[in-house]
Amino acid sequence: MTRALDGRDVARRINEAHAGAAVASNDTDVWVEIGSLTDVAGFLRDTPGLDFATLTSVTAVDYVEHFELVYHLLSMRRNHSVVVKTRLFGRDEPAAPSLVEWWPGADLQEREIWDLMGIRFESHPNLKRILLWEGYPGHPLRKDYLG
Amino acid sequence: MAIKTEPITINLGPQHPSTHGVFRLRVTFDGEEILDVEPVFGYLHRGTEKLAESRSYVQVVTLTDRLDYVASMSNNLAYVRAVEKLAGIEVPERAMYLRVIAAELQRIASHMMATGFLLNDMGAFATPLMYCFRERERILDMFEMLCGARITLSYMRPGGVFQDAPDDFWAALDTFLADEPGYIGELESLITGNEVVLARTRGVGVLSDEQAVADSVTGPMLRAAGVKWDIRKADPYEVYDRLDFDVPIGASGDTFDRYLVRIQEMRESLRIIRQCVERIPEGPVRPDLPYNLRPPEGDAYAAVEGPKGELGFYLVSDRSIAPYRCKIRAPSFINLTPLKKMVVGWKMSDLIVIFGSIDVVLGEVDR
């Protein structure tokens, strides 16, 4: 069985390396500060024993008062997984750091989030719309989007 | 004296038989050699994730049929598992066996398509493809017995399957299980040692194991790169933990390995189905659930090993009758991440073959 790591343990380990980076946690998820996202990415990927070499999936959810980015991480070597989340406030120009440098598998997925949810990924190598065309009005997966 | 040349950009698709649907590639060449490739997505984008937000949990099953439309059973399975995880629904044992039988039949059908089209892409136009379609047709006939549909199946429901398998299904399945190993052997004898196939695929479009893992590649493409990772083994769902089967892997991650892994997986699928037929218990196939489910607030991610790779659904519930968010982790889409690294330096005709060996379905890429 793929072991889903306890979010509280992972949060404790993150905070030992980068104090204050993990702001909340429960038995499945870890919430990290958006400013520390890249530090946490490097920590989770490169720490022996964690070895999260694969970003299975990244997605965004519009909770109206904030956006939430959800990263599903996997270590095939250790057969364990963890869910990392981060919150973005403000609807006008939400932006998050791109994790393509850590996990190249984020490339197309981050472009999809920009296209459909309107969250910018800073330092993404090729942040263009992907499913819709350039100039399409709005970002359809937002809850206030009216087709 | 050197001849002065300039790179030229050619548009491949979106309407082109070798793009397996409406997919467009802007390819830059130096002569015949590929310098750059830029995939253009979205021609089949129907907004599935948005549509799901205004349909009840059961209705969304019909949307999943239209993602990877050559593997609807696997899509159904991934989605209903996510709903069951979110709502805490128990599945009867007989239904779990029926689901595994259906999903493995679907894997064979999907791999048949992949193999047939790969030969099509190599220039063996239509004839080998029709051999593969002949076998796929028998599987679709069995699906028709199960649920009345051949492509858009909607056979699975949160909590079980739509109905128990009728008697004629079991008879057809027995005949299929008896015939199919010989048929796969025959197909392999045509392809595996074929000099033209070897020349076109050996060492072509190599994807290394490290690259595959970093690029989130899954499915036969990952296993062909030598990574022994299959969700059916790594994180068994339904009844896979009780079944005996192997996970075939490739040695070099080239186009040939991707083909061969699929052939071997078809044999393993037959093994799985045979064990299921022997062990399937009697009993109900669907619990009595209200038509409109209202899962508790929260989120859940569930994934299955689909024919193309890890197919996952991430659902968020706000206690209403429709998902608040339904994210589809589509393997065809994410497996295209390393496309550029795989084709740069090869020629136009190799691009077609490498792309074919990735085995994408545009309904799932564009969603």
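Fair warning: this is a prediction, and the values are worked out from it, not measured in the lab.

1. Some details on the interface of chain A and chain B
- Contact with chain A, which involves 39 residues of that partner, is made by 35 residues of chain B.
- Both faces considered, chain A and chain B share a buried interface measuring about 3000 Å² in area, 58% of it formed by carbon and sulfur atoms.
- At the junction of chain A and chain B, the tally comes to four salt bridges.
- Close ionic contact of lysine 143 of chain A with glutamate 53 of chain B constitutes a salt bridge, the shortest N to O distance being 3.1 Å.

2. Looking at the sheet that holds strand 1 (residues 8-12) of chain B
All names here are of chain B.
- Reading across the sheet, the three strands line up as 1-4-5 and stay open at both edges, with antiparallel pairing between neighbours. Looking along the sheet, the strands with just one partner apiece sit at the ends: strand 1 and strand 5 (33-40). Each adjacent strand pair in this sheet contributes to an overall mean axis angle of 20 degrees, direction not counted.
- Pairing geometry for strand 4 (residues 24-30) and strand 5, over seven bridges, is antiparallel. Note that in strand 5 the partner of arginine 26 across the bridge is glutamate 38.

3. What about the side chain of serine 56 of chain B?
- Inspection of the secondary structure assignment puts serine 56 of chain B in the loop between helix 1 (48-52) and helix 2 (60-64).
- Ignoring anything within four residues of it in the chain, the contact list for serine 56 of chain B reads Tyr291, Asn292, Ile321 and Ala322 of chain B.

4. Some thoughts on helix 2 (residues 37-46) of chain A
- Those residues of helix 2 of chain A that sit buried are Leu37, Val40, Ala41, Gly42, Phe43 and Leu44 of chain A.
- Considering only its buried residues, helix 2 of chain A is in contact with helix 1 (7-17), strand 3 (29-32), strand 5 (67-75), strand 6 (80-88) and strand 7 (95-97) of chain A.

5. So, the packing of helix 4 (residues 93-121) of chain B against helix 11 (residues 255-279) of chain B
Residue and element names in this part refer to chain B.
- Helix 11 packs onto helix 4 with a crossing angle of 155 degrees between their chain directions and a minimal axis gap of 9 Å. By the angle between their axes, helix 4 is roughly antiparallel relative to helix 11. As for the relative orientation of helix 4 and helix 11, their crossing is left-handed in sense.
- Classifying every residue of the contact of helix 4 with helix 11 by side-chain character gives 16 nonpolar, four polar and five charged.

6. Here's the deal with helix 4 of chain B
Residue and element names in this part refer to chain B.
- For helix 4, built from 29 residues, the straight-helix expectation of 42 Å at 1.5 Å per residue is met to within 8% by its first-to-last C-alpha distance of 42 Å.
- Among the 29 residues that make up helix 4, 27 are buried, leaving the element largely enclosed by the rest of the structure.
- Just past helix 4, the residue glycine 123 takes up positive phi, approximately 105 degrees.

The rules behind these values
Residues numbered from 1 in each chain as written. Chains lettered and ligands numbered in written order. Predicted model: local features only at pLDDT ≥ 70, side-chain atom pairs only at ≥ 80, totals over all residues. Heavy atoms only, no water. Contact = heavy atoms within 4.5 Å. Buried area = accessible area lost by both parts, 1.4 Å probe. Salt bridge = Lys/Arg side-chain N within 4 Å of Asp/Glu carboxyl O. Pairing = 2+ DSSP bridges. Helix = DSSP H or I, 4+ residues; strand = E, 2+ residues; numbered from the N terminus. Axes fitted to C-alpha atoms, helices over the stretch in contact; angles between N-to-C directions. Buried < 20%, exposed > 50% of the residue type's maximum accessible area, 1.4 Å probe, protein only. Parallel < 35°, antiparallel > 145°, perpendicular 65-115°, else oblique. Left-handed = near helix turned anticlockwise from the far one by under 90°. Nonpolar A, V, L, I, M, F, W, Y, C, P; charged D, E, K, R; others polar. Expected span 1.5 Å × (residues − 1).

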